[in-house]
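Summary of the model geometry
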Amino acid sequence: MMDTTPKVVAITGGSSGIGLATAKLLAKSGAKLVIGARRADKIEAAAEDMRAEGADVIACTLDVADRASVSAFVTSAEDQFGQLDALVNNAGIAPISDLDHLNVAEWDAMIDVNLRGPLYGIAAALPIFRQQKRGHFVNVVSTAGLVLAPKMAVYAATKNALRTIGEGLRLESGPDLRVTNVSPGFVQTDFASSITDQAMRGAIEKRMGEIGLSPDAIAQAIAFAINQPSDVEVGDIVIRSAAQS
Ligand SMILES: NC(=O)c1ccc[n+]([C@@H]2O[C@H](COP(=O)([O-])OP(=O)(O)OC[C@H]3O[C@@H](n4cnc5c(N)ncnc54)[C@H](OP(=O)(O)O)[C@@H]3O)[C@@H](O)[C@H]2O)c1
């Protein structure tokens, strides 16, 4: 039995791709949403589209690499809606390249966004969840951490670190909280836009076009985990095209 009680869900990176598809799907089932991303015009436009369909959505300018920004984002959900049922740590970047290129600034950016960002999300939401005696962390990880490929080392490392933190959080969280790690394979989104190596970007976009899933498929998996009864914790979901090795 799915839990159909309307939820309050905060989604980082909610202006595009997996985050936007998840927001739209959850809104259809009556969830109240707080979505955040760096580009104010995009996140506001996404929220406006959903409001036009009757959804209750707040848009926030958010940089997950900044702890104060994440804290304000998470707090706004509680302030506006009086509760927070789930935080989807979805925002992520993947400026992948050969280690030989020494793109150290891009390594730092991946660590800041993909790893520090979700940690700041945990730091902001955990006290709220503890006080409510209920709450759900959903971390968007990646199959890149499960099957390694060249040029993916730093990106995959950030995702595997997040996977480990999610499992550690699950072990410590007790019966009131839930933790889900969702690992998508190739998904057709703007995800390759942060790749500065143009040949690499072209190759990833080509592969996405050939075998990438719709972001709606990942949204369905996230909604499945969130809408389970409160005592049912879906731990890990790996979801990829049947054509992906
Ligand atoms: N697409 C894939 O093939 C794939 C596969 C496995 C895992 N994933 C993971 O899925 C997640 C979502 O990516 P996507 O594929 O949906 O890509 P996307 O379409 O590029 O969406 C990324 C979202 O994150 C936001 N974002 C980026 N940096 C941010 C920051 N510092 N603070 C706040 N928001 C930020 C972006 O908006 P702004 O740029 O305006 O901030 C955008 O809303 C990522 O964690 C990614 O690693 C994707």
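Conventions used here
- Residues numbered from 1 in each chain as written.
- Predicted model: local features only at pLDDT ≥ 70, side-chain atom pairs only at ≥ 80, totals over all residues.
- Heavy atoms only, no water.
- UniProt positions renumbered as here; feature names shortened; annotations may be inferred.
- Core = buried A, V, L, I, M, F, W, Y, C linked by side-chain atoms within 4.5 Å.
- Buried < 20%, exposed > 50% of the residue type's maximum accessible area, 1.4 Å probe, protein only.
- Helix = DSSP H or I, 4+ residues; strand = E, 2+ residues; numbered from the N terminus.
- Contact = heavy atoms within 4.5 Å.
- Near = heavy atom within 4 Å.
- Polar contact = N/O pair within 3.5 Å; in protein donor to acceptor, adjacent residues only side chain to side chain.
- Areas by Shrake-Rupley, 256 points an atom, 1.4 Å probe, with all protein chains shown as cover.
- Expected span 1.5 Å × (residues − 1).

If you check an unreviewed UniProt entry, the protein chain appears there as SDR family oxidoreductase from Octadecabacter dasysiphoniae. Listed under Sequence similarities (unreviewed entry) in UniProt, the entry text for the protein chain is "Belongs to the short-chain dehydrogenases/reductases (SDR) family."

Ranked by size, the top nonpolar core spans 39 residues in total, and within it Val74 and Leu84 carry the most contacts. Going through the elements one at a time, β1 (8–12), β3 (56–61), α3 (67–81), α4 (104–132), α5 (153–173), β6 (177–184) and α6 (198–211) are the ones with two or more residues in this core. Ranked by residues supplied to this core, first place goes to α4 with 7 residues. Beyond its immediate chain neighbours, meaning those up to four positions away, Val74 contacts Leu84, Leu87, Ala124, Ala125 and Ile128. Counting residues in hydrophobic clusters, the runner-up holds 34 residues, among them Ala27, Val88, Ala223 and Ala225.

Now for the site of the ligand. The environment of the ligand is formed by 30 residues, the closest being Ser15, Ser16, Asn90, Tyr155 and Thr189. In the model, an oxygen atom of the ligand is placed 2.9 Å from a nitrogen or oxygen of the Arg39 side chain. Contact between the ligand and Leu62: a nitrogen atom at 3.4 Å from a main-chain N or O atom of the residue. Alone, the ligand offers 890 Å² of accessible surface; in the complex the protein occludes 96% of this. Going through the elements one at a time, α1 (17–28) and α5 are the ones with two or more residues in the shell around the ligand.

In this model, α1 (12 residues) spans 17 Å end to end at C-alpha, consistent with the 16 Å of a helix rising 1.5 Å per residue. Those residues of α1 lying buried are Gly17, Ile18, Gly19, Leu20, Ala21, Thr22, Ala23, Leu26 and Ala27. Gly30 lies just past α1 and shows a positive phi near 95°.

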